[in-house]
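# Descriptive structure summary
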Amino acid sequence: VQLVESGGGLVQAGGSLRLSCVASGSFSSINSMSWYRQAPGKQRELVAQITSGGSTYYADPVKGRFTISRDNVKNTVTLQMNSLKPEDTAVYYCNALVRVRGWQNYWGQGTQVTVSS
């Protein structure tokens, strides 16, 4: 199973970015799909999560600014990030709970998001 992210980059404060992640490989289903981020010197933290049924969770710092969505046919998850702040600067990682032989956790390679003030 591979998770490949795209869409990171450099943006000014107040701007928007859209991150995408596609899961490929041999698996029977995907449960939750999530976005995490890790800023320099900090622990990796959960940003947003969406279940296979469409229920969502957002970390408090991003509520009202970020929107997570997924396409269960294309096995993709997207994070729309609006009103970006310098404190959103981090490497963003896609995560998925995937059923292979049992449920296993997979990570993407990460994509850099930099927000300038």
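This one's a predicted model, so the numbers in the text were calculated from it and none came from an experiment.

Although it is not a glycine, Asn75 sits at a positive phi angle of roughly 60°. Within the fold, Asn75 resides in the loop between strand 7 (66–71) and strand 8 (76–81). Within the chain, Ser83 stands out as a residue other than glycine whose phi angle is a positive 50°. Secondary-structure assignment places Ser83 in the loop between strand 8 and strand 9 (90–99).

Under the definition given, this model contains 2 aromatic pairs. Ring geometry for Tyr36 against Trp107: centres 4.8 Å apart, planes inclined by 65°, an arrangement best described as edge-to-face. Here Tyr36 is found in strand 4 (residues 29–38), whereas its partner Trp107 is found in strand 10 (residues 103–107), with 71 residues between them in sequence. When the centroid spacing of 6.5 Å and the interplanar angle of 85° are considered together, the rings of Tyr93 and Trp107 count as edge-to-face. Residue Tyr93 is located in strand 9, and its partner Trp107 is located in strand 10; the two are separated by 14 residues in the primary sequence. Overall, Trp107 belongs to the partly exposed group, its relative accessible area being 35%. Among the aromatic residues, those joined into a ring-pair cluster are Tyr36, Tyr93 and Trp107. Across the ring face of Tyr93, the terminal group of Arg44 is positioned such that the distance to the ring centre comes to 3.7 Å. Just above the ring of Trp107 sits the side chain of Arg44; from NZ or CZ to the centre is 4.6 Å.

Conventions and cut-offs
Within any chain, residue numbers begin from 1 and follow the written order of that chain's sequence. Reporting of local features is limited, given that this is a predicted model, to residues whose pLDDT is at least 70; pairs of side-chain atoms are given and counted only at 80 or more, and all residues count toward the totals for whole chains, interfaces and linings. The basis for the side-chain values is all heavy atoms of the structure; hydrogens and waters are excluded. Each helix is a run of H or I in the DSSP string that is no shorter than four residues. Each strand is a run of E no shorter than two, and both are numbered from the N terminus. Side-chain rings of Phe, Tyr and Trp, where Trp is taken by its six-membered ring, are said to pair if the distance between their centres is within 6.5 Å; with planes under 30 degrees apart they count as stacked, over 60 as edge-to-face, and otherwise as tilted. Only protein chains enter the accessibility calculation, which uses a 1.4 Å probe. A residue is then buried if its area is under 20% of the maximum for its type, exposed if over 50%, and partly exposed in between. For a Lys NZ or an Arg CZ to count as sitting over a ring, it must be within 6 Å of the ring centre and within 35 degrees of the ring normal.

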